[in-house]
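Per-entry structural report
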Amino acid sequence: MHKFKSVLAPQMEQLIAYKAAMNMTIKKYETVLQSIDRYYVDHQITEPTVTKEIIFDWLESTTLNNKPITKSLKMGVVRSLCLHMAKSGIQTYIPNFTYTDQSTYIPYVFTDAEMQSIFETCANWRVTRARMHNAFFAIPAIIRLLYSTGMRVSEATQLTNEDINLKTGTITLNHTKNRKQRMIPICDSLQTILSQYIEARNKLPIQEIRLPQSPFFITADGKPYDKKLVYNWFRVVLEKANIAHKGRDFGPRIHDLRHTFAVHSLRKNIEAGKDIYCALPTLCVFMGHANIYSTEKYVRLTQDAYPQLIQQIGGTIKDIFPHLNDSYINEDEE
């Protein structure tokens, strides 16, 4: 753990220890607290308290080019620190707001035709250059996995061989955003795709390729996949599938496969005559959301993408969830 040096070091260390004990991801706390710690040291602040003036001066000096969501994250950590200090009897300013992202990204929901085009592009693409083949090797299986299960890209790239059980038709996710293990079932067609990938992968002359703890998705030269590699190749796939990309921060993005999975799942439930609200808790667990509020946004997305389906169930969704948070970049991101 980072060694804090400012007058707030004891409180910062206590907060980190508390968050770790709660099995929470502490990386963002460590990063933000280190920044505040440096600010206190550089400005020779010796009073163990936090004032409004200090927070805003620090924030202005460190968030000049930050996106609103990054500013919001930083203020969330500051608020946690101040609340912890207040509970310890230290008089301190407690910020009661966070930044909101005024340029919220609207998720892109792929149509059935677009998904079919993506799948056909992957199936028919013949890469001739060896270097390109090294990177493209697992992409067809990764794209189908993301669409079929709704898992995050980071969850897919961190899969190991022992996480995939084709006999039971299940995948165990151990490296999740909320640090909670979950098991997801996979359909027969996805089992076939993964089996074909394993068969081709295991022919590679790479040592330890079959070990239980070895990465499941690798390039043709044996290197484990990372998120950036998936992002880059998905852009190429979109281009070859004739699906226009609107530029950075506008998408479509690889993460939109997760959004598409959720919306298409709800659509299928509606078409099958099932209660969409009864389906939400199941979808919440399947996608690994911390709470159902993160899943409710997909009701709105389903309403936007398939308004005719909403009419079939009475058009009551807008009345039940009238104020859904339109910021799709918090709980759901990888």
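Residues numbered from 1 in each chain as written. Predicted model: local features only at pLDDT ≥ 70, side-chain atom pairs only at ≥ 80, totals over all residues. Heavy atoms only, no water.

**Brief notes about the overall build of the protein chain**
Let me state the cut-off plainly: Under the scheme used here, helices are H or I runs from DSSP no shorter than 4 residues and strands are E runs no shorter than 2 residues, and both carry numbers assigned from the N terminus. Burial status follows relative accessibility: with a 1.4 Å probe on protein chains alone, a residue under 20% of its type maximum counts as buried, one over 50% as exposed, and anything between as partly exposed. Computed with a 1.4 Å probe, the accessible areas rest on the Shrake-Rupley method; for each residue, only the protein chains presented here act as cover.
Summing up its helical and strand segments, the protein chain has 15 helices and three strands in all. Out of the 334 residues belonging to the protein chain, those deemed buried represent 49%. When the accessible area of the protein chain is evaluated, it comes to approximately 17900 Å², of which 52% is carbon and sulfur surface.

**Structural notes on the confidence of the model for the protein chain**
Note the following rule: In predicted models, pLDDT denotes the confidence assigned by the predictor to each residue on a 0 to 100 scale.
In the predicted model, the protein chain carries a mean pLDDT of 83, and 84% of its residues have values of at least 70. Mean pLDDT across the elements of the protein chain bottoms out in helix α15 (residues 317-320) (43) and peaks in strand β1 (residues 164-165) (96).

**Details of the layout of surface pockets**
Which parts of space are left empty comes out when a probe the size of a water molecule is rolled across the atoms. Threshold: Both site types are read off a 1 Å grid over the protein atoms alone. A 1.4 Å probe that fits but cannot get out defines a cavity, while an open set with protein on both sides within 12 Å along at least five of seven lines defines a pocket; lining residues have an atom within 4 Å of a point. Grid points are joined across faces, edges and corners, and a volume is the space filled by probe spheres set on the points. Under the grouping applied here, Gly and all other residues not named as nonpolar or charged are polar, the nonpolar ones being Ala, Val, Leu, Ile, Met, Phe, Trp, Tyr, Cys and Pro and the charged ones Asp, Glu, Lys and Arg.
Here the second largest pocket is characterised by a volume of approximately 540 Å³. Around the second largest pocket, the lining comprises 21 residues; the ones closest to its centre are Y147, S148, F261, S265 and K268. Only α7 (139-149), α9 (188-201), α11 (256-271) and α12 (276-287) provide two or more residues apiece to the lining of the second largest pocket. At six residues, the largest contribution of residues to the lining of the second largest pocket is made by α11. Split by residue class, the lining of the second largest pocket holds twelve nonpolar, six polar and three charged.

**Focus on the packing of helix α2 (residues 27-42) against helix α3 (residues 52-62)**
Operational definition: Axes, fitted as lines to C-alpha atoms, cover a helix only where it is in contact. Angles between the N-to-C directions of the axes lie from 0 to 180 degrees. Orientation categories follow fixed angle ranges, with anything under 35 degrees roughly parallel, anything over 145 roughly antiparallel, 65 to 115 roughly perpendicular, and all other angles oblique. Crossing chirality is assigned from the near helix's rotation relative to the far helix, an anticlockwise turn below a right angle marking it left-handed and a clockwise turn marking it right-handed. A contact between two residues is defined here by any heavy atoms of the two lying within 4.5 Å.
Contact geometry of α2 with α3 gives a least axis separation of 11 Å together with a crossing angle of 110°. In terms of axis orientation, α2 runs roughly perpendicular to α3. Of the two possible hands of crossing, α2 and α3 adopt the one that is right-handed. Between α2 and α3, the contacting residues are V32, S35, I36, Y39 and Y40 on the first element and I54, D57, W58, S61 and T62 on the second. A per-class count over the contact of α2 with α3 returns six nonpolar, three polar and one charged.

**Some remarks on the pattern of salt bridges**
A side chain with one charge may pair with a side chain of the opposite charge, provided their charged atoms come close. Going by this rule: Within this document, salt bridges are pairs made up of a side-chain nitrogen of Lys or Arg and a carboxyl oxygen of Asp or Glu, the two lying within 4 Å of each other.
Scanning the entire structure with this criterion turns up four salt bridges. R267 is the salt-bridge partner of D112, the closest N and O atoms lying 3.0 Å from each other. Placement of D112 in helix α5 (residues 112-124) and of R267 in helix α11 is noted, with a sequence separation of 155 residues between them. Between R253 and D256 there is a salt bridge whose closest N-O contact spans 4.0 Å.

**Examining the sheet that holds β1**
Which entries qualify depends on this criterion: Think of it this way: DSSP has to see at least two bridges between two strands before they count as a pair.
Strand order across the open sheet formed by three strands is β1-β2-β3, with antiparallel pairing between neighbours. The outermost strands of the open sheet, each flanked by one partner alone, are β1 and β3 (182-185). Bridging between β1 and strand β2 (residues 170-173) involves two bridges; their strand directions are antiparallel. Paired with I164 across the strands is I171, a residue of β2.

**With respect to empty space enclosed by the protein**
All told, the structure shown has one cavity of 30 Å³ or more when counted by the stated rule. The computed volume of the largest cavity comes to approximately 30 Å³. Lining the largest cavity are E155, Q158, L159, D163, T172, L173, N174 and H175. Each residue belonging to the lining of the largest cavity can be placed in one class, and the counts come to two nonpolar, four polar and two charged.

**Re the side chain of T172**
Take T172: it is sitting in strand β2. Judged by its relative accessible area of 17%, T172 falls in the buried class. When near neighbours in sequence (up to four residues on either side) are disregarded, T172 contacts L159, D163, Q181, R182 and M183.

**Remarks on the environment of P224**
If you trace the backbone, P224 turns up in the loop between α9 and α10 (227-240). Once the C-alpha coordinates of P224 and T160 are considered, the two residues, 64 residues apart in sequence, prove to be 10.0 Å apart. Leaving out residues up to four positions away in the same chain, P224 has contacts with P215, F217 and I218.

**Some details on the packing of aromatic side chains**
Rules: Within 6.5 Å between ring centres, the rings of Phe, Tyr and Trp (the latter by its six-membered ring) count as paired, and their orientation is classed by plane angle as stacked under 30 degrees, edge-to-face over 60, tilted in between.
Counted under the stated rule, the structure contains ten aromatic pairs. For the pair F216 and F217, a centre-to-centre distance of 4.8 Å together with 75° between the ring planes defines the contact as edge-to-face. Classification of F216 as buried rests on a relative accessible area of 1%. Judged by its relative accessible area of 1%, F217 falls in the buried class. Within the aromatic cluster, the residues linked to one another by ring pairs are F137, Y197, F216 and F217.

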